[in-house]
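Structure at a glance
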Amino acid sequence: AQTVTQSQPEMSVQEAETVTLSCTYDTSESDYYLFWYKQPPSRQMILVIRQEAYKQQNATENRFSVNFQKAAKSFSLKISDSQLGDAAMYFCAFRGRYGGATNKLIFGTGTLLAVQP
Amino acid sequence: DAGVTQSPTHLIKTRGQQVTLRCSPKSGHDTVSWYQQALGQGPQFIFQYYEEEERQRGNFPDRFSGHQYPNYSSELNVNALLLGDSALYLCASSLTRQVLSNQPQHFGDGTRLSIL
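Parameters at a glance
Residues numbered from 1 in each chain as written. Chains lettered and ligands numbered in written order. Predicted model: local features only at pLDDT ≥ 70, side-chain atom pairs only at ≥ 80, totals over all residues. Heavy atoms only, no water. Helix = DSSP H or I, 4+ residues; strand = E, 2+ residues; numbered from the N terminus. Buried < 20%, exposed > 50% of the residue type's maximum accessible area, 1.4 Å probe, protein only. Contact = heavy atoms within 4.5 Å. Buried area = accessible area lost by both parts, 1.4 Å probe. Salt bridge = Lys/Arg side-chain N within 4 Å of Asp/Glu carboxyl O. Polar contact = N/O pair within 3.5 Å; in protein donor to acceptor, adjacent residues only side chain to side chain. Nonpolar A, V, L, I, M, F, W, Y, C, P; charged D, E, K, R; others polar. Core = buried A, V, L, I, M, F, W, Y, C linked by side-chain atoms within 4.5 Å. Pairing = 2+ DSSP bridges. Axes fitted to C-alpha atoms, helices over the stretch in contact; angles between N-to-C directions.

1. A few points about the side chain of serine 76 of chain A
Looking at the element boundaries, serine 76 of chain A is found in strand S9 (residues 74–79). With relative accessibility at 12%, the residue serine 76 of chain A sits in the buried group.

Set out below in structure tokens:
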């Protein structure tokens, strides 16, 4: 069974600085997708960034980028130029590409990010 | 373009009661998944509905059941409520033909269920 581990329950960063959130996962599959979701107090899960396992190039979305290490099964999120609006709970999620016609997401336990002005 | 909508926003029930939560998927989506998010935890997959049938189920007891209507909207029913059922229940929608792609699920704001 696949598992996702986020070892940092809480992180803090100064506004305009850079922070990295860690995520490791375990799977026997060779092809899969990884996601980072943001959940502000409004509760809605918002997709931040996605990565396909078959792509070696790390995904980037504006101030957000990932460091995907497939052999180490590591998928960290880097937030550059942190803004107050980045404060939220961040979840790392895994989805297998095969194994049934479903897109079930497996989530980690989350990292609560605080942004200090 | 309406996103995923869930109702109600909050709900308070007592142990032993039954509850129904509702979800309307994003326009154009035909697949609905339900997740349970306990306080301080990540969401846990309950089940997924497509073509009005349960396609896959997570590790949840039979007290949790669902339904999908021809318009793709869905309900989550929980019987014989326990204190441990207190959680945020999230609905997510997607388009099945995009299942094997990197297209993400779209989430609603959730229903906060409190059991007294």
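2. So, the interface of chain B and chain A
Across the boundary between the two partners, chain B contributes 30 residues, which contact 22 residues of chain A. Summed over both sides, the interface between chain B and chain A buries roughly 2,200 Å², with carbon and sulfur atoms accounting for 47% of that surface. Where chain B packs against chain A, one counts zero salt bridges. Here chain B and chain A share seven residue pairs in polar contact (both at pLDDT 80 or more) between them. At the level of secondary structure, the elements contributing two or more residues to the side of chain B that touches chain A comprise strand S4 (31–37), strand S5 (44–50), strand S6 (53–57), strand S9 (87–94) and strand S11 (111–115) of chain B. Classifying every residue of the side of chain B that touches chain A by side-chain character gives nine nonpolar, 18 polar and three charged.

3. Some remarks on the nonpolar core
Core analysis: the largest hydrophobic core is formed by 26 residues, its most contacted members being Tyr25, Trp36, Phe75, Leu77 and Tyr90 of chain A. When contributions to this core are tallied by element, the ones reaching two or more residues are strand S3 (19–21), strand S5 (32–39), strand S6 (46–52), strand S8 (64–69), S9, strand S10 (88–96) and strand S12 (111–116) of chain A. For this core, the element with the highest residue contribution is S10 of chain A, accounting for four residues. Among the nonpolar cores identified, the runner-up in size contains 20 residues, and Val4, Trp34, Cys91 and Ile115 of chain B belong to it.

4. Regarding the pattern of salt bridges
All names here are of chain A. Considering all chains together, one arrives at six salt bridges over all chains under this definition. Across the salt bridge formed by lysine 73 and aspartate 26, the nearest N and O atoms sit 3.5 Å from each other. One end of the pair, lysine 73, is in the loop between S8 and S9; the other, aspartate 26, is in strand S4 (residues 24–26), and 47 residues separate them in sequence. Lysine 73 gets classed as partly exposed once you look at its relative accessible area, which sits at 26%. Residue arginine 63 is joined to aspartate 86 by a salt bridge in which the shortest nitrogen-to-oxygen separation is 2.8 Å. One end of the pair, arginine 63, is in the loop between strand S7 (60–61) and S8; the other, aspartate 86, is in the loop between S9 and S10, and 23 residues separate them in sequence. For the residue pair arginine 63 and aspartate 86, the accessibility class agrees, reading buried in each case.

5. Comments concerning the sheet that holds strand S8 (residues 74–78) of chain B
Residue and element names in this part refer to chain B. Taken in spatial order, the four strands of this open sheet run S1-S3-S8-S7, and their pairing is antiparallel. Edge positions in the sheet fall to strand S1 (5–7) and strand S7 (64–68), since each of these pairs with one other strand and no more. Pairs of neighbouring strands in the sheet enclose a mean axial angle of 20°, with direction left out of account. Sheet analysis places S1 next to strand S3 (residues 19–24), joined by three bridges and oriented antiparallel. Considered in S3, the bridge of threonine 5 is made with serine 24.

Without other data, these values stay purely geometric and don't point to any function.
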